[in-house]
Each structure stands twice: as structure tokens, then as C-alpha cells.
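Residue strings, one per chain:
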Amino acid sequence: GKIVLFISSLPYKCPPGPYEIMLLIDQYFRQRGIRHKVKLTVVTPEKSPESLAGPKISQKLRKMLLDRDIELITEAKILAVEKNALILDHDAKIPADLLLGIASHWTPQAIRNTDLVDKNGFIKVDPFTLETKYKGVYAIGDAAAIKTPVMGAYAPKAGIFAHMQAKVVARNIASMAQGDKPESYYDGKGFCIVNTGFGKGCYTSVHYYKKPPTFSFIRPTKVAYLVKTGFEKYWLNNWF
Ligand SMILES: Cc1cc2nc3c(=O)[nH]c(=O)nc-3n(C[C@H](O)[C@H](O)[C@H](O)COP(=O)(O)OP(=O)(O)OC[C@H]3O[C@@H](n4cnc5c(N)ncnc54)[C@H](O)[C@@H]3O)c2cc1C
């Protein structure tokens, strides 16, 4: 059959997520010995996979998908979803037995109804302190309208960035509560390990406030996979 995974619009949560899902689906069918019976396709509005991570990482990811026989359709404008097909502009119709969609990313109505937001409904903040236009009111994570200074696009929306931003805001609030000056600043750094399947993962990191931004992408290793699963276990055991 045909499995099509599509990204509805930009920005979306967790830039490597959709590619990771497809790599794991590929692993699943290979391990069952029926990969040759399944066609896998990723459809994205991005110019190239994970384009926010820069051309080198995009190129590496593109090659990884090619090596795993996963078709990639970029710069796609998704118009509709039918029962067994994805409808794109230019009358393109992609047949599918299973459609997996990354829904459009929005902020809640309660936020969009305020005067805190930009034209797309994300909350405008100081990129270093995460403070909104109202003193003492902050926004972090997916709802914040942080842009990459060089590319001008929304910065990647992922848990790691929300986490780093939360630390900055929490530290500054704690400092002010003690009568000190807030001196913590968000620096646009983040990292992630992409599960590429077969017990391996790719360590990637970004520093998107740097001019030009820097990115790294280390080939899939077992160590990275173990770190990823360890990280997940740490959070699940210690925080939930
Ligand atoms: C499938 C998937 C995989 C991902 N994998 C990764 C990963 O490996 N690494 C990574 O870094 N990131 C990953 N992400 C992205 C990550 O989950 C998000 O970027 C992160 O959760 C953002 O945190 P947040 O606190 O800004 O928003 P959220 O986690 O979305 O929290 C917002 C909260 O607000 C609540 N809320 C919404 N509206 C209202 C309202 N009106 N009133 C009250 N509460 C409201 C919601 O219920 C929610 O609990 C993934 C995302 C998905 C969907």
C-alpha cells in the first residue's frame, strides 16, 4: 500500500518529527520483510527537509530519505484531504491508503483574542528575555513569535527551546523576587536527537541567534540513540 505523511503548513512542531516518523515506519516494514510492498512518501511545504536547520542538514536528511527509499515532495501546497488522496495545488493528487497529517499549528483563541500577538497569532516577545510588550508578562515555547534573525522565519518550535526559554524566564523572575537585576538571556541554542531507526540516532544542534546561524548533524550512531532513550526515561521517571 501507499503511506503518505504530510505537513499541513509552516511552522509546525518539532521539525525533525515527521521525518523521524517515516524512518521508523520504514524500519517497521523492513523488519517485517514487506518493505517492498509499501510506498512511503513525505509531502512538505518546506523548500527542503528541515530547511530551518540549514542547507547541509537538509541535504543529509534528503539523502537519508533517498537511501531508505522514502519519496520526498517539497514546496507542496496542501489544499484538501480526500478519503484516499491528498490534493495539492497545480491539480496534483497523491493517492494514499493511509494518510498521516501534521495538523496546522495555531495558538489558542484565548491568546489570539489579545493584543499580544503578531498577524499569525503568535505572541510577540523580546527574543532574549521572552517578555511581551507588558512588563512582567512572558511567553515561551510554541506560542512565542520568535524569529530566526538571519532567515526571518519562525524559529523552530520544539520542546528543547521551550525548556531553555522557561529556564531564562524562571531565573529572571526569581532574581527580581529577590530584588536583584534579571540577568538571564535566551541564546537561541538547542539540540535534538533524531531517531533514525534500527537502534540509531542522529545528534543535531542549532544556534539560531548566531549570525550566520550554526548547525551540526552527526551521522546516526547507537550512542545517540541510547542518549535519546535515556533522556526520555529521565523525564518520564523524574517528572511525571
Ligand atoms: C508528535 C510530537 C513529537 C515531538 N517531539 C519532540 C522532540 O523530540 N523534541 C522536542 O524538543 N520537541 C518535540 N515536539 C515539540 C514539543 O512537544 C513542543 O514544542 C513543546 O511541547 C512546546 O511546549 P509548550 O509548553 O510551548 O506548548 P505545549 O506543550 O503545547 O503546552 C501548551 C499547553 O497549553 C494548554 N492550553 C491550550 N489552550 C489553553 C487554554 N485556552 N487554556 C488553558 N490551557 C490551554 C494545552 O493543553 C497544553 O497543555 C514534539 C511534538 C509533537 C506533536
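Chemist: Mind showing me how you'd approach unusual backbone geometry here?
Modeler: Peptide bonds are trans in most cases, and residues, glycine excluded, mostly fall at negative phi. Here the amide bond leading from L10 into P11 is cis, since omega sits at -5°, within 30 degrees of zero. By the secondary structure assignment, P11 is in the loop between strand 1 (2-7) and helix 1 (17-31). P212 follows K211 through a cis peptide bond whose omega is -5°. Along the polypeptide, P212 turns up in the loop between strand 9 (200-207) and strand 10 (214-217). For E50, which is not glycine, the phi dihedral falls at a positive 50°. With respect to the helices and strands, the residue E50 is situated in the loop between strand 2 (39-43) and helix 2 (55-67). The exposure class assigned to E50 is buried, which follows from its relative accessible area of 10%. Backbone geometry places D91, a non-glycine residue, at a positive phi of 60°. Inspection of the secondary structure puts D91 in the loop between strand 5 (85-88) and strand 6 (93-95).

Chemist: Whenever I open this one, the sheet that holds strand 2 confuses me. Can you help?
Modeler: Picture the strands of a sheet paired through backbone hydrogen bonds; they go either parallel or antiparallel. Strand order in this open sheet of four strands is 3-2-1-7, and the pairing throughout is parallel. Looking along the sheet, the strands with just one partner apiece sit at the ends: strand 3 (70-73) and strand 7 (98-102). Geometrically, the sheet is characterised by an average inter-axis angle of 15° between neighbouring strands, direction not taken into account. Docked against the sheet, helix 1 engages strand 1, strand 2, strand 3 and strand 7, running at close to 165° with respect to strand 1.

Chemist: Just to check I follow, could you spell out the packing of aromatic side chains for this structure?
Modeler: Aromatic ring pairs are described here by two measures, namely the spacing of the ring centres and the angle between the planes. Within the structure shown, the criterion is met by eleven aromatic pairs. Note on Y234 and W235: the rings are 5.6 Å apart at their centroids and 85° apart in plane angle, and the pair reads as edge-to-face. For Y234, a relative accessible area of 42% gives the class partly exposed. Accessibility expressed as a relative area gives 23% for W235, which makes it partly exposed. An aromatic cluster of three or more residues is present, and its members are F191, Y203, F231, Y234, W235 and W239.

Chemist: Is there a simple way to think about the sheet that holds strand 8 (residues 189-197) in this case?
Modeler: Spatially, the three strands line up as an open sheet ordered 8-9-10, and their pairing is antiparallel. In this open sheet, the two strands that pair with only one neighbour each are strand 8 and strand 10. Sheet twist, expressed as the average angle between the axes of neighbouring strands with direction ignored, equals 15°. Sheet topology note: the strand 9/strand 10 ladder contains four bridges and is antiparallel. When the bridges of strand 10 are listed, T204 appears paired with F217. Each of strand 8 and strand 9 touches helix 4 (residues 159-177); the most contacted strand, strand 8, lies at about 155° to it.

Cut-offs used in this document
- Residues numbered from 1 in each chain as written.
- Predicted model: local features only at pLDDT ≥ 70, side-chain atom pairs only at ≥ 80, totals over all residues.
- Heavy atoms only, no water.
- Helix = DSSP H or I, 4+ residues; strand = E, 2+ residues; numbered from the N terminus.
- Buried < 20%, exposed > 50% of the residue type's maximum accessible area, 1.4 Å probe, protein only.
- Pairing = 2+ DSSP bridges.
- Axes fitted to C-alpha atoms, helices over the stretch in contact; angles between N-to-C directions.
- Contact = heavy atoms within 4.5 Å.
- Phe/Tyr/Trp six-rings, centres within 6.5 Å; stacked < 30°, edge-to-face > 60°.

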